Number of protein chains: 2
Amino acid sequence: MPQYKTPLRDIRFAINEVLDFPDHYARLPNNSSDASPDLVDAIINEGARFAEEVLSPLNAVGDREGCRWQDGAVSTPPGFADAYRQFVDGGWLSLAQETSWGGQGLPPSLGTVINEMLQSANHAWAMYPTLSLGAIDTIAEHGTDEQKQRFLPNLVAGRWSGTMCLTEAHCGSDLGLLRTKAEPQADGSYRISGSKIFISAGEHDLTENIVHLVLARLPDAPEGIKGISLFLVPKFHVQADGHLGERNTVSCGAIEHKMGIHGNATCVLNFDGATGYLIGPPNKGMHCMFTFINESRLGVAQQGQGHTEAAFQGALNYARERLQMRAPKRIRPDRPADPIIAHPDVRRMLLTQKALAEGGRLLNYYCAQQVDMAHRGTDAATREQAQQRLALLTPIAKGFLTEAGIEAANLGIQVLGGHGYISESGMEQIVRDVRITAIYEGTSGIQGLDLLGRKVLASESELLAPFAAEIEAFCDAGQSRLDEFVQPLRHQVRQWLMLSKQIGDAARDNPDEVGAAAFDYLLYSGYTVLAWCWARSADAAQAALDAGSNDIDFYQAKQQTARFYFHRLLPRAQAHAAAIASGAENLMAMAEEQFAY
Amino acid sequence: MPQYKTPLRDIRFAINEVLDFPDHYARLPNNSSDASPDLVDAIINEGARFAEEVLSPLNAVGDREGCRWQDGAVSTPPGFADAYRQFVDGGWLSLAQETSWGGQGLPPSLGTVINEMLQSANHAWAMYPTLSLGAIDTIAEHGTDEQKQRFLPNLVAGRWSGTMCLTEAHCGSDLGLLRTKAEPQADGSYRISGSKIFISAGEHDLTENIVHLVLARLPDAPEGIKGISLFLVPKFHVQADGHLGERNTVSCGAIEHKMGIHGNATCVLNFDGATGYLIGPPNKGMHCMFTFINESRLGVAQQGQGHTEAAFQGALNYARERLQMRAPKRIRPDRPADPIIAHPDVRRMLLTQKALAEGGRLLNYYCAQQVDMAHRGTDAATREQAQQRLALLTPIAKGFLTEAGIEAANLGIQVLGGHGYISESGMEQIVRDVRITAIYEGTSGIQGLDLLGRKVLASESELLAPFAAEIEAFCDAGQSRLDEFVQPLRHQVRQWLMLSKQIGDAARDNPDEVGAAAFDYLLYSGYTVLAWCWARSADAAQAALDAGSNDIDFYQAKQQTARFYFHRLLPRAQAHAAAIASGAENLMAMAEEQFAY
């Protein structure tokens, strides 16, 4: 069973040497600037300890035991509740929460670094607190003062947890179809009636109360997506002072049997005239929920990357130990065979995982830095700019890093061969767990449509052009010492702009062109952004080597991995470009009846 | 839960309209020519019924219940034994076996067509009889007359089953390391001692006896792969007349908990001085076992393709029913949303599955046709030519169609979204079951090495050149009416030869170049071969349309799918070509210590 080991060296490289978090934190106002390098270091070390010692050992237990449902109650796997208590007591949940409601006010990006560790160590467990964080932010942004005072302190303290209730049996990607009803009551509350499915952490035994954020329709609401409002529905009623009252009429009707994340309860939630409170304006539920959704999407990108790291670690450990066949250049002549890491094809798999794990880490931390600025930037322009960058990068990070996670997890099995197919190896759990990340919080197809349709084409490249310009500027600055990376990166970015324009032109005549290109455009974009991350990493590594660092192995490995990425993974972008260029006709020409025979 | 529906129309297209099985069968000698079109049709219909009505309903049961091990005995899931009895009683096991031992003497390729159905309907179950077939052929080819008489009649009759025992805990890909010992006894038998793992169908309750084919070392054997011999070790001793005697000292020490194929028992087998019989000459065990291995590899290619078909069917059914969002061109204006098959990105996924399923079917049937000729061709030249073609195509079919199966299965989940992640949908079982196919009988990496190293480079293109010439000849013949497919196919084949030569040249200076290119070369080859399959299909469809067929929808769909394949999947080959061209340096430069940090 793989034991997660936090990649502290690489985390520090990303935040200190590439993204310069110390300087970035110093520019953030208020408490965030308390995030001194020493404090950050201490927090990261302590977070690593928690992930490795508390969460990682529970990962296989959670998978094997799963959650149990009986008479509406859900028990989480053995050890989950205790780990949750340690997590809350250790102050991990409130780390990056605003001080007004009991948080510690540290920067959100620090929470991202910790979250990566939690997700690598135990995805199913980590979903419980992560969902609370989304609920907290949604209430903080869209709730009334009274709602905040009533609900936030206990949520931030971890005594209560949160959920997001969107999906119904007949609608997932298309929330415009949803039917759950909200009837206004004389006291200003609403009676919520309907049934939601696939509600992660919808019922469990970790907290005293659960605060559901529920999309529903008001009686006079317009049809479709514009007639949806957001409601807060607590499991137990909450008095004005925050004390718990009676049980509300929301209940868990069942939990699902799923491919993976067995330790997280995926619930059917029935709302039988449950009391709820409107969050934000009527019929603006989708707008309010997008606070939660966007944050969750970045969280899912971290899950994808976290699994990539975990799969890499498991495969690497095995590849160094397992002796099998002589490599052309034998590295253990004293043993009956060489460790399989000596074989080129095993290296191809390991380097693919490594390039995706470390490149993805940088992308996630870059996004996290933008979140810091979007939420806490000192001036409106900084906040707006960061918001726009996030709008562009969120679907790319979510879509690309989850697809990458699936690939890396499958390579994890493959390196172990038959042993990877056996449950005890832990490698097949990673494949089962990571598989959901390309589905929930918007499938990869939905991310592609969001990126291409809403973020690139609808904005007429207002989001893409400045980012592309920034990459070009990086290329200009690094030209001399990084030619091998800068040249292909520059080509890649220019092709990105060109492809975007071509799709836009084609879509004017045929709206199917957007959907036909979306998924390939998403992956093309992901490979491009990761090329930028790898060029930046190679640049920082070169700077350290030039400065005479002693840590030569680490920096050389960075550059070798960058080289591998540019030579062996980036060319895939051209296959996506070709698919995009082929247009919609080859997808749409076939009549529905012609698919079957 | 998906109900398998045999794609009879497409099977008939492949065997009758593209590969001309009727003419092919007429040319085979002896009993094979009894395979008249009417008989073949009746057998296929009856096989479809068995797969759909008997096996498919047991697929989810097998996954859920799994096998149980107690005190050395294994119980298969409920219904498995009954289905096995029906299978044997129906004459399915003996269908393509030689008449000498009780078989029906029909062509092996007809067995392949039936096997596809079994594998699509229930992979875990289908492994039991499939392994028997491999054992039968191995004994028939390498056994003595006495061994054949003693073991084959009951194996062919399905009263006994077979296994292949290769892997040990410390060696899988590298059988040269194996330690199981064989000591000669005075009576000409051997005492076999050692432990084997990952033995599929190694113990079960379907048959009266199990015949293990076991690799082991003689006392005086040379080290490595050249010191391995093959032994037959029955679970129960067998008297000369075929009657069962006492229990032999081979026992099942445990069964594995695995990601998938829960219905098949994956056993640890302990040989405690068990009595065995040498099959073939001493120290030629690997050569003898390769009869079994090559046949199994083609069987695994059929598993990959079978899962691709099953995943396609599940996704297609859902996509036609599930209403979600308006498509740019609405196809159900009367309903609240369009079925998701109207959306371009869903079509991209379905067409990917369809292109891989139908293209893979043609490749498998083409290989099966070569098996017919290799085993039963009238003259030595025909047999030799077919052997050579199989030597080239076996690793391609095994490697490419299993990787394709993994992709198609994952797309099956993706089309269903969250519903695909739920076990009841049956789609996630396909992902778990198909995952083993890229591992057992030689991982994809091993297939790549076999293809590039042994089949292409070591033969100095003796196997590849004639195949490439045949594709070029097809291109010449089809030039006028198939220009859109012929041109890219011709380019592809020429690039294939060029890449092969480049790798060969590079490998002379650096042997790591073979391993560095192997996996990408395998996939490049697979995309090329499938392009040929699709061009042939489009050609046959055009011929039917030109001849005024009424089945216009079917043939148009063939051509649209070919178009999709050439525009959207074949470009991936260029990413593999780029990776190959990048050479070994980017894999080998990193020191072993530099992978970790």
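Keep in mind that what you see is a predicted model, and the values were worked out from it rather than measured.

S.K.: Just give me the short version of the overall build of chain A, but keep the residues and values in it.
M.R.: A count of helical and extended segments in chain A gives 19 helices and 11 strands. For 597 residues, the compact-globule estimate of 2.2 N^0.38 gives 25 Å, and the C-alpha radius of gyration of chain A, at 24 Å, lies within 12% of that figure. Dimensions of chain A, computed from the C-alpha atoms along their principal axes, are close to 80 × 60 × 60 Å. Taking all 597 residues of chain A together, the buried fraction comes to 65%. Long-range pairs, those at least 24 residues apart, make up 73% of the contacts in chain A with a sequence separation of at least 6. Per element, the accessible surface of chain A, about 20300 Å² overall, is 50% carbon and sulfur. Counting 51 positive and 70 negative side-chain charges, chain A places the averaged centre of each group 5 Å from the other.

S.K.: Could you give an account of empty space enclosed by the protein, naming the residues involved and the relevant values?
M.R.: Throughout the structure, instances matching the rule amount to five cavities of 30 Å³ or more. In terms of lining residues, the largest cavity is bounded by 18 residues, among which P2, N59, S120, A310 and I430 of chain A are the most central. Those elements that provide at least two residues to the lining of the largest cavity are α3 (37-65), α5 (108-121), α8 (285-321) and α12 (427-434) of chain A. For the lining of the largest cavity, the element with the most residues is α8 of chain A, which contributes four residues. Across the lining of the largest cavity, the residue classes tally to seven nonpolar, 10 polar and one charged. Within this model, the second largest cavity holds a volume of roughly 150 Å³. Lining the second largest cavity are 15 residues, with P2, Y4, N59, S120 and A310 of chain B sitting closest to its centre. Elements represented by at least two residues in the lining of the second largest cavity include exactly α3 (37-65), α5 (108-121), α8 (285-321) and α12 (427-434) of chain B. Looking at the lining of the second largest cavity residue by residue, the class counts come to seven nonpolar, eight polar and no charged.

S.K.: Just give me the short version of the domain arrangement of chain A, but keep the residues and values in it.
M.R.: Residues and elements named next belong to chain A. With domains assigned, chain A is organised as domain 1 (8-142), domain 2 (158-284) and domain 3 (458-586). Placing a centre on the C-alpha atoms of domain 1 and another on those of domain 3 gives a separation of 30 Å. Each partner contributes to the interface: domain 1 provides six residues, whereas domain 3 provides nine residues. Considering only the surface of domain 1 that becomes buried against domain 3, R9, F13 and V18 emerge as the three largest contributors, covering 69% of it. For the pair domain 1 and domain 3, the number of links is two salt bridges. Where domain 1 touches domain 3, the interface holds four residue pairs in polar contact (both at pLDDT 80 or more). Of the residues in the side of domain 1 that touches domain 3, the class split is three nonpolar, no polar and three charged.

S.K.: Please give an account of the layout of surface pockets that cites residues and values.
M.R.: Considered as a void within the structure, the second largest pocket measures approximately 1400 Å³ in volume. Listed by contribution, the elements that provide at least two residues to the lining of the second largest pocket are α3 and α12 of chain A together with α3, β1 (68-70) and α12 of chain B. For the lining of the second largest pocket, the per-class residue count stands at 14 nonpolar, 16 polar and 17 charged.

S.K.: How would you explain helix α10 (residues 380-416) of chain A if you had to name every residue and give the values?
M.R.: All names here are of chain A. Compared with an ideal rise of 1.5 Å per residue, which puts 37 residues at 54 Å, α10 spans 51 Å between its outermost C-alpha atoms and is within 8% of the ideal. Within α10, the axis deviates most sharply at L393, by approximately 35 degrees, and proline P395 lies no more than four positions further along. Among the 37 residues in α10, 26 count as buried, and that is most of the element. A positive backbone phi angle near 60 degrees is found at G417, which sits one or two residues after α10.

S.K.: Describe the packing of helix α1 (residues 8-18) of chain B against helix α16 (residues 512-546) of chain B, and please don't skip the residues or the numbers.
M.R.: Residue and element names in this part refer to chain B. Where α1 contacts α16, the axes come no closer than 11 Å and their chain directions differ by 80 degrees. As the angle between them shows, α1 and α16 are arranged roughly perpendicular. Here F13, E17 and V18 of α1 lie close against α16, whose contacting residues are R536, S537, A540, A541 and A544. Looking at the contact of α1 with α16 residue by residue, the classes come out as five nonpolar, one polar and two charged.

S.K.: So what about the interface of chain A and chain B? Which residues, and what values?
M.R.: Every contact between the two is made by 100 residues of chain A and, on the other side, 101 residues of chain B. Taken over both partners, the interface formed by chain A and chain B buries close to 8700 Å², and the fraction arising from carbon and sulfur atoms is 59%. Our count for the contact surface shared by chain A and chain B stands at eight salt bridges. A salt bridge links D512 of chain A to K329 of chain B, with the nearest nitrogen and oxygen atoms 3.1 Å apart. Put simply, chain A and chain B have 52 residue pairs in polar contact (both at pLDDT 80 or more) between them.

S.K.: Which residues make up the UniProt feature "domain: Acyl-CoA dehydrogenase/oxidase C-terminal" (unreviewed entry) in chain A, and what values do they have?
M.R.: On the UniProt side, "domain: Acyl-CoA dehydrogenase/oxidase C-terminal" (unreviewed entry) is annotated at positions that read residues 283-449 of chain A here. Helix makes up 75% of residues 283-449 of chain A and strand 0%, and the two end C-alpha atoms of the span are 23 Å apart.

S.K.: Please provide a residue-by-residue account of the pattern of salt bridges, values included.
M.R.: In this structure the tally under the stated criterion is 72 salt bridges over all chains. With its nearest N and O atoms 3.0 Å apart, the salt bridge here joins R150 of chain A to E146 of chain A. Note that R150 of chain A and E146 of chain A are positioned in helix α7 (residues 145-156) at a spacing of four residues, about one turn of the helix. You can call R150 of chain A buried: its relative accessible area is 16%. K501 of chain B is paired through a salt bridge with D505 of chain B; the nearest N and O atoms lie 2.9 Å apart. Residue K501 of chain B and its partner D505 of chain B are located together in helix α15 (residues 483-509), separated by four residues, close to a single helical turn. The exposure class of K501 of chain B is exposed, given its relative accessible area of 55%.

S.K.: Tell me about the UniProt feature "domain: Acyl-CoA dehydrogenase/oxidase N-terminal" (unreviewed entry) in chain A, residues and numbers included.
M.R.: As annotated in UniProt, the feature "domain: Acyl-CoA dehydrogenase/oxidase N-terminal" (unreviewed entry) corresponds to residues 48-158 of chain A in the numbering used here. Across residues 48-158 of chain A one finds 67% helix and 5% strand; the C-alpha atoms that close the span lie 20 Å apart.

S.K.: Quick rundown of the relation of the copies chain A and chain B? Include the residues and the values.
M.R.: Note that the two copies of the chain are related through a rotation about an axis and a translation along the same axis. Of the transformation superimposing chain A on chain B, the axial component is 0.0 Å and the angular component is 180 degrees, with the fit at an RMSD of 0.0 Å. These values place the two chain copies in the arrangement generated by a two-fold rotation axis. Proximity to the rotation axis, assessed at the C-alpha, singles out A575 of chain A in chain A; its C-alpha lies 3.2 Å from the axis.

S.K.: Which residues make up the packing of aromatic side chains, and what values go with them?
M.R.: Evaluation of the coordinates by the stated rule reveals 32 aromatic pairs over all chains. One cation-aromatic arrangement involves R247 of chain A over F236 of chain A; the distance from NZ or CZ to the ring centre is 5.6 Å. If you follow R150 of chain B out to its NZ or CZ, it ends over the ring of Y277 of chain B, 5.6 Å from the centre.

S.K.: Tell me about the side chain of Q370 of chain B, residues and numbers included.
M.R.: Residue and element names in this part refer to chain B. One can find Q370 in helix α9 (residues 344-376). Given a relative accessible area of 8%, Q370 falls into the buried group. Beyond its immediate stretch of four places on either side in the chain, Q370 contacts A386, R389 and L390.

S.K.: Describe the side chain of R297 of chain A, with residues and values.
M.R.: Residues and elements named next belong to chain A. Note on placement: R297 falls in helix α8. Buried charge without a salt bridge: R297, with D450 as the nearest opposite-charge side chain at an N-O distance of 4.0 Å. Sequence-distant contacts of R297, defined by excluding residues within four places in its chain, comprise F290, T394, K398, E441, G442, I446, Q447 and D450.

S.K.: Tell me about the pairing of strand β6 (residues 209-216) of chain A, and please be specific about residues and values.
M.R.: All names here are of chain A. Of all eight residues that make up β6, eight are buried, and the element is covered over most of its length. Going residue by residue along β6, you find N209, V211, L213 and L215 tucked away on one face and I210, H212, V214 and A216 tucked away on the opposite face as well. Summarising the sheet, strand β3 (residues 160-165) and β6 pair through six bridges and their orientation is parallel. By the bridge assignment for β6, C165 is matched with V214. In terms of strand pairing, β6 meets strand β7 (residues 229-234) through six bridges, oriented antiparallel. The residue bridging H212 from the neighbouring strand is V233, located in β7.

S.K.: Account for the environment of L19 of chain B, with residues named and values stated.
M.R.: Residue and element names in this part refer to chain B. Note that L19 resides in the loop between α1 and α2 (21-27). For L19, a relative accessible area of 5% translates into the label buried. Expressed as a C-alpha distance, the spacing of L19 and E462, which sit 443 residues apart in the sequence, is 24 Å.

The rules behind these values
- Just so you know, the residues in each chain are numbered from 1, in the order the chain's sequence is written.
- Lettering of chains starts at A and numbering of ligands starts at 1, both following the order in which they are written.
- Given that the model is predicted, a residue must reach a pLDDT of at least 70 before its local features are reported, and side-chain atom pairs must reach 80 or more before they are shown or counted; all residues, however, enter totals for whole chains, interfaces and linings.
- Based on all heavy atoms of the structure, the side-chain values leave hydrogens and waters out of the count.
- Each helix is a run of DSSP H or I of at least 4 residues and each strand a run of E of at least 2, with the numbering of both proceeding from the N terminus.
- Between the two quantities, the radius of gyration covers C-alpha atoms and the globule rule is 2.2 Å times the number of residues to the power 0.38.
- Exposure classes here rest on a 1.4 Å probe applied to the protein chains alone. A residue is buried below 20% of its type maximum, exposed above 50%, and partly exposed in between.
- In this analysis, two residues are considered to be in contact whenever any of their non-hydrogen atoms come within 4.5 Å of each other.
- In short, Shrake-Rupley with a 1.4 Å probe defines the accessible areas, and a residue's cover is counted only from the protein chains shown.
- For this count, His and the chain ends are skipped, Lys and Arg are scored as positive, and Asp and Glu as negative.
- Charge positions are represented by NZ for Lys, CZ for Arg, CG for Asp and CD for Glu.
- Points on a 1 Å grid, built from protein atoms alone, make a cavity when a 1.4 Å probe fits but cannot get out and make a pocket when they are open with protein on both sides within 12 Å along at least 5 of 7 lines; residues with an atom within 4 Å of a point are the lining residues.
- Grid points are joined across faces, edges and corners, and a volume is the space filled by probe spheres set on the points.
- Each residue receives one of three labels: charged for Asp, Glu, Lys and Arg, nonpolar for Ala, Val, Leu, Ile, Met, Phe, Trp, Tyr, Cys and Pro, and polar for the others, Gly being one of them.
- An automatic or database domain assignment supplies the residue ranges for each domain.
- Once two parts are joined, some of their accessible surface, as seen by a 1.4 Å probe, is lost; buried area is that loss totalled over both.
- The rule for a salt bridge is simple: a side-chain nitrogen of Lys or Arg has to be within 4 Å of a carboxyl oxygen of Asp or Glu.
- Polar contacts, as used here, are pairs of N or O atoms within 3.5 Å; protein pairs need one atom able to donate a hydrogen and one able to accept it. Residues neighboring in sequence count only if both atoms are side-chain atoms.
- To estimate the expected span of a helix, count its residues, drop one, and scale the result by 1.5 Å.
- Bend, at a single residue, is the angle you get between axes fitted to the 7 residues ending at that residue and the 7 residues starting at it.
- Lines fitted to the C-alpha atoms define the axes, with helices restricted to the stretch that makes contact. Angles between their N-to-C directions range from 0 to 180 degrees.
- Throughout this description, any angle smaller than 35 degrees is read as roughly parallel, any larger than 145 degrees as roughly antiparallel, any in the 65 to 115 degree range as roughly perpendicular, and the remainder as oblique.
- UniProt positions are given in the numbering used here, feature names are shortened, and annotations may be inferred rather than shown by experiment.
- The copies were overlaid by least squares, fitting only the C-alpha atoms of residues that reach a pLDDT of 70 or more in each copy.
- Only the six-membered ring of Trp is used, alongside the rings of Phe and Tyr, when aromatic pairs are assigned; centres must lie within 6.5 Å, and planes under 30 degrees apart are stacked while those over 60 apart are edge-to-face, with the rest tilted.
- Charge over a ring is defined by NZ of Lys or CZ of Arg lying within 6 Å of the ring centre and within 35 degrees of the ring normal.
- Strand pairing is assigned whenever DSSP detects at least two bridges linking the two strands.

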